[in-house]
Every structure is written in C-alpha cells, then in structure tokens.
Amino acid sequence: MGAVLGVNIDHVATVRQARYAKNSSSINVEPDPVEAALAAERGGAIGITAHLRQDRRHVVDHDIFRLKEAIGTKLNLEMGNSPEIVAIALKVLPADVCLVPESREEVTTEGGLDCIAHRAALESTLKAMRDAGIRVSLFIDPEPGQIEAAASLEAPVVELHTGAYAEASGVARDAELARLIAAARLASEAGIQVNAGHGLNYVNVKPILALPKLVELNIGHSIVSRSLFVGMEQAAREMAALLA
Ligand code: PXP
C-alpha cells in the first residue's frame, strides 16, 4: 500500500499574484512556480499539477508552457472543460489533463465534476485529448453513479475527491473513507486508474493509502504551506515519504 506524489504548485502562483498580478513583467516577480516545481521534483514528486483557471487567479498561461518545458517528470494540467482552456491544453500537450468543475452548474452535491449531467461535453473533450495523446483524468465524487459514468466515457483515470473526507471527523470521517474505498474498488474493477486528492495534508493522508489500487495523490495547499518553513524540496520529500 502506497502512492506516488503529484505536487500542485498553484498556491506558489497565488503568492506571486498577490503582489504582481498587474505587473508580471517586473524584474522582481517572485516566487516562481517553475522553481517550486523543480524543487518538488528533487523532493520526490513524480508529477507537477497546475490548474489554469478561466479567471487566471493564480497560474497563468506562460506558467503552463514554462512548466511543460522545464520539468523532468510529467505535467498534469487541471482545467475546466471550456473551449478556451481545451485549446490551450491541445497546444501545451501535457502528459495528463485532469478535468475539474469550474462553475457552479458543473458541480455535484459534494464538489466533483458531474459526469452524468455533462456527459456530451465531456465525451467530445475526452476524444480530442485522446487523439492528441493526452491522458484524461476526471475529478469526481466517490459515488457509484459517477464511476459508472466515467467508465462509460472510457476515461482512463479518475481522481477521487477527498474533500469531504478531509473536512469530516470521527465516525463521519470513517464513513467518508469507506465511501472512497468502495469507489476506488469500483473504478479499478472497471479498469480505471485510481488517483485521489483535495484537502489532504501531513496529518490526514495516511488512511487514504487504504484505497485499493490507488496510484497517485495530488496535494497542493498543505505542501506549499509547509514549504514556507522547510522549503519546497523538503516539504515534498516529507510527503513522499509518508506515501511510500
Ligand atoms: N486535485 C484536484 C482535482 C484539485 O482541484 C485540487 C485543488 O486544486 C487538488 C487536487 C489539491 O488540493 P489541495 O490544494 O487541497 O491539496
């Protein structure tokens, strides 16, 4: 039981944008998400995740192109299923794309992508990505109906939303973990790779390793937070060691 670590560097860009959103050509622009990604790789990350949002609130277009160029592992581009961002993904050609909800209408009750309601739109994006050699992961709630929808869309990977688990405590947390385990089993039986993420940290991550056939965890906020005190390389190394 173990998992490999994908580090989400969005919030390194959040810090940069806090000061330089309107002045990104200033010579002082810092911190650089690409530098953070390289440090995360030195610490044991097997991939770098970045979410290009429609409002560009943290990561911006040139970050994605620079990450693709600079990193030695694989780029996982998180994105909403909008024509503008799909076109960018097809230019960048990351190894992986993780489709996530960006607007309220796309979200299930708990916050994953609603693959049942948005089946048609997802189908055409999955095809475009597949034709371009990009592997698509669908970020979904640990719900049987969503797994079935992902399977019928022939998605090669799902990322199970661990947010409800991360926010729960006591018996409610145990119930969320059980739901994640059942969903992981269902997905792996359908031949889908199981990844997971959202809200995971150094304290709550261990029980998640009980998910059957779990491959990759994508973790951002907690690692970026810890990196303020120990540096990104060490923050990633500590998390990768927990997952090993
Ligand atoms: N996975 C997905 C699909 C996400 O949208 C996010 C948040 O950007 C994460 C993982 C990482 O979540 P966190 O920052 O809470 O670790």
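What comes next concerns the included structure. (Residues numbered from 1 in each chain as written. Predicted model: local features only at pLDDT ≥ 70, side-chain atom pairs only at ≥ 80, totals over all residues. Heavy atoms only, no water.)

Turning next to the packing of aromatic side chains. In the structure shown here, the tally under the stated rule is zero aromatic pairs. Geometry around Tyr165 places Arg173 over its ring, the cationic atom sitting 4.8 Å from the centre. (Phe/Tyr/Trp six-rings, centres within 6.5 Å; stacked < 30°, edge-to-face > 60°. Lys NZ or Arg CZ within 6 Å of the ring centre and 35° of its normal.)

Let us now look at helix α5 (residues 119–131). A rise of 1.5 Å per residue sets the reference length of α5, with its 13 residues, at 18 Å; its end C-alpha atoms lie 18 Å apart and thus fit the reference within 8%. Within the sequence span of α5, burial applies to Leu122, Thr125, Leu126 and Met129. For α5, the arc enclosing every buried residue in end-on projection is 105°, short of the 170-degree limit, so these residues lie on one face. Exposed residues on α5 whose side chains face more than 90 degrees from its buried face are Ala120 and Asp131. (Helix = DSSP H or I, 4+ residues; strand = E, 2+ residues; numbered from the N terminus. Expected span 1.5 Å × (residues − 1). Buried < 20%, exposed > 50% of the residue type's maximum accessible area, 1.4 Å probe, protein only. Arc of directions from axis to C-beta.)

Glancing now at the pattern of salt bridges. As a working rule, side chains carrying opposite charge can pair if their charged atoms are close by. One pass over the structure, following the stated rule, counts 15 salt bridges. Between Arg56 and Glu84 there is a salt bridge, with its nearest N and O atoms 2.7 Å apart. Of this pair, Arg56 sits in the loop between β2 (47–51) and α3 (61–70) while Glu84 sits in helix α4 (residues 83–92), and the two are 28 residues apart along the sequence. One salt bridge in this structure joins Asp131 and Lys127, with 2.7 Å as the shortest N-O distance. (Salt bridge = Lys/Arg side-chain N within 4 Å of Asp/Glu carboxyl O.)

Quick look at helix α8 (residues 170–189) now. Helical geometry: 3.6 residues make up each α-helical turn, so side chains three or four residues apart lie on a common side. Under the 1.5 Å per step criterion, the end-to-end length of α8 is 29 Å for 20 residues, consistent within 8% with the ideal 28 Å. What α8 keeps buried is the set Glu176, Leu177, Leu180, Ile181, Ala183, Ala184 and Ala187. With its buried residues spanning 170° around the axis, α8 presents them on a single face. Summarising the geometry of α8, the exposed residues directed more than 90 degrees from the buried face are Val171, Asp174 and Glu189. At its buried positions, α8 is contacted by α6 (144–152), β6 (157–161), α7 (163–167) and β7 (193–197). At the exit of α8 stands Gly191, carrying a positive phi of roughly 80°. (Contact = heavy atoms within 4.5 Å.)

Each pair of packed helices gets described by two things: the angle between the helix axes and the distance between those axes. The interhelical angle for the contact between helix α2 (residues 33–42) and α3, taken along N-to-C directions, is 35°, at an axis separation of 9 Å. The handedness of the crossing between α2 and α3 comes out as right-handed. Side by side, α2 and α3 meet where Pro33, Val34, Ala37 and Leu38 of the first sit next to Asp63, Arg66, Leu67 and Ala70 of the second. The residue inventory of the contact of α2 with α3, partitioned by class, reads six nonpolar, no polar and two charged. (Axes fitted to C-alpha atoms, helices over the stretch in contact; angles between N-to-C directions. Left-handed = near helix turned anticlockwise from the far one by under 90°. Nonpolar A, V, L, I, M, F, W, Y, C, P; charged D, E, K, R; others polar.)

Look at any regular strand and the pattern is simple: side chains alternate between the two faces of the sheet. Most of strand β3 (residues 74–79) sits inside the fold, with six of its six residues counted as buried. With five bridges joining them, β2 and β3 adopt parallel strand pairing. Looking at the pairing, Thr49 lines up with Asn76 of β3. Where the polypeptide runs from β2 across α3 and back to β3, its parallel neighbour, the crossover connection is right-handed. (Pairing = 2+ DSSP bridges. Right-handed = clockwise from strand over helix to strand, strands pointing away.)

This part covers the pairing of strand β4 (residues 96–99). Of the two faces of β4, the one lined by Asp96 and Cys98 and the one lined by Val97 and Leu99 are each fully buried. Summarising the sheet, β3 and β4 pair through four bridges and their orientation is parallel. Across the sheet, the residue bridging to Leu77 is Val97, located in β4. Handedness of the β3-α4-β4 crossover: right-handed. As judged from the four bridges shared by β4 and strand β5 (residues 135–140), these two strands associate in the parallel manner. Across the sheet, Asp96 pairs through a bridge with Arg135, a residue of β5. Following the chain from β4 across α5 to the adjacent parallel β5, one finds a crossover that is right-handed.

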